[in-house]
Amino acid sequence: MNPPSREIDLERLSAAATQACGLLKVLSNRDRLLLLCQLTQGEYCVSDLDALTGIRQPTLSQQLTVLREEQLVSTRREGKQIFYTIASKEAMAVMQVLYSQYCNDGKDTKK
C-alpha cells in the first residue's frame, strides 16, 4: 500500500527557493556575514561596527548599503550616528544557526 501523496505547490516552492538563494547570495560575502553576525547581538552604530569587525571605510559603507538595499537591516538615526539592526526574520534565523555553529567560543555541545 502506498502512502497518501502530498501535492507540492511547485510555483510556491520555486518562489521560496528563489528567496532563499537571494539571502544565501548576500550571506556569501565575508564582510556582510561578519556584519550580520555582529548584529545578531543587537543594535550597533557604524563606528562600533568598524571597531568590532575590523571592516574599514569605504568597504563598511558599501556592505551596509547592500544589506540595507536587500532589506536585511534597518537603520535608525540619532544625531550624526546611524544605528543598524537586523530587520529580516529569515536572516536572523539563519544567522542564529551560523552563530551557534561557528561563533560559540569553543562551547561545542557535540562531543
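Just so we're clear, the structure is a prediction, and the values are computed from it rather than from any experiment.

**Q** Quick question: what am I supposed to make of the overall build of the protein here?
**A** The secondary structure content of the protein amounts to five helices and three strands. From first element to last, N terminus to C terminus, the protein shows the α and β order α-α-β-α-α-β-β-α. Carbon and sulfur atoms provide 52% of the accessible area of the protein, an area that totals close to 8300 Å².

**Q** Even after reading the chapter, I still don't get unusual backbone geometry, so can you show me in this structure?
**A** Residues other than glycine predominantly adopt negative phi, and peptide bonds predominantly adopt the trans conformation. With an omega of 0 degrees, the peptide bond running from Gln 57 to Pro 58 counts as cis. With respect to the secondary-structure elements, Pro 58 resides in the loop between helix 3 (46-53) and helix 4 (59-69). Phi is positive for Gln 71, which is not a glycine, with a value near 60 degrees. One can find Gln 71 in the loop between helix 4 and strand 2 (73-78). Gln 71 gets classed as exposed once you look at its relative accessible area, which sits at 63%.

**Q** What am I meant to see in the environment of Cys 37 here?
**A** For Cys 37, the position within the fold is in helix 2 (residues 30-39). Sequence spacing of Cys 37 and Thr 53 is 16 residues, and the spatial spacing of their C-alpha atoms is 9.5 Å. Apart from residues lying up to four places away in sequence, Cys 37 is in contact with Met 95, Tyr 99 and Cys 103.

**Q** Help me understand the side chain of Thr 40, please; the structure alone is not making it clear to me.
**A** Tracing the sequence through the fold places Thr 40 in the loop between helix 2 and strand 1 (44-45). Residue classification places Thr 40 among the buried positions, given a relative accessible area of 16%. Within the local environment of Thr 40, its side chain forms a polar contact with the backbone oxygen of Cys 37, the two atoms lying 2.6 Å apart.

**Q** I would appreciate a short explanation of the pattern of salt bridges in the present structure.
**A** Pairs may arise between side chains of opposite charge once their charged atoms sit close together. Throughout the structure, instances matching the rule amount to five salt bridges. The residue Arg 30 makes a salt bridge to Asp 31 at a minimum N-O spacing of 3.9 Å. A salt bridge links Glu 43 to Arg 76; the nearest nitrogen and oxygen atoms lie 2.7 Å apart. Residue Glu 43 is located in the loop between helix 2 and strand 1, and its partner Arg 76 is located in strand 2; the two are separated by 33 residues in the primary sequence. Taking relative accessible area as the criterion, Glu 43 reaches 36% and is therefore assigned partly exposed. By relative accessible area, which is 34% here, Arg 76 ends up partly exposed. Each member of the salt-bridge network shares a partner with another, and the members are Glu 43, Arg 76 and Glu 78.

Thresholds, definitions, all that
Residues numbered from 1 in each chain as written. Predicted model: local features only at pLDDT ≥ 70, side-chain atom pairs only at ≥ 80, totals over all residues. Heavy atoms only, no water. Helix = DSSP H or I, 4+ residues; strand = E, 2+ residues; numbered from the N terminus. Areas by Shrake-Rupley, 256 points an atom, 1.4 Å probe, with all protein chains shown as cover. Buried < 20%, exposed > 50% of the residue type's maximum accessible area, 1.4 Å probe, protein only. Contact = heavy atoms within 4.5 Å. Polar contact = N/O pair within 3.5 Å; in protein donor to acceptor, adjacent residues only side chain to side chain. Salt bridge = Lys/Arg side-chain N within 4 Å of Asp/Glu carboxyl O.

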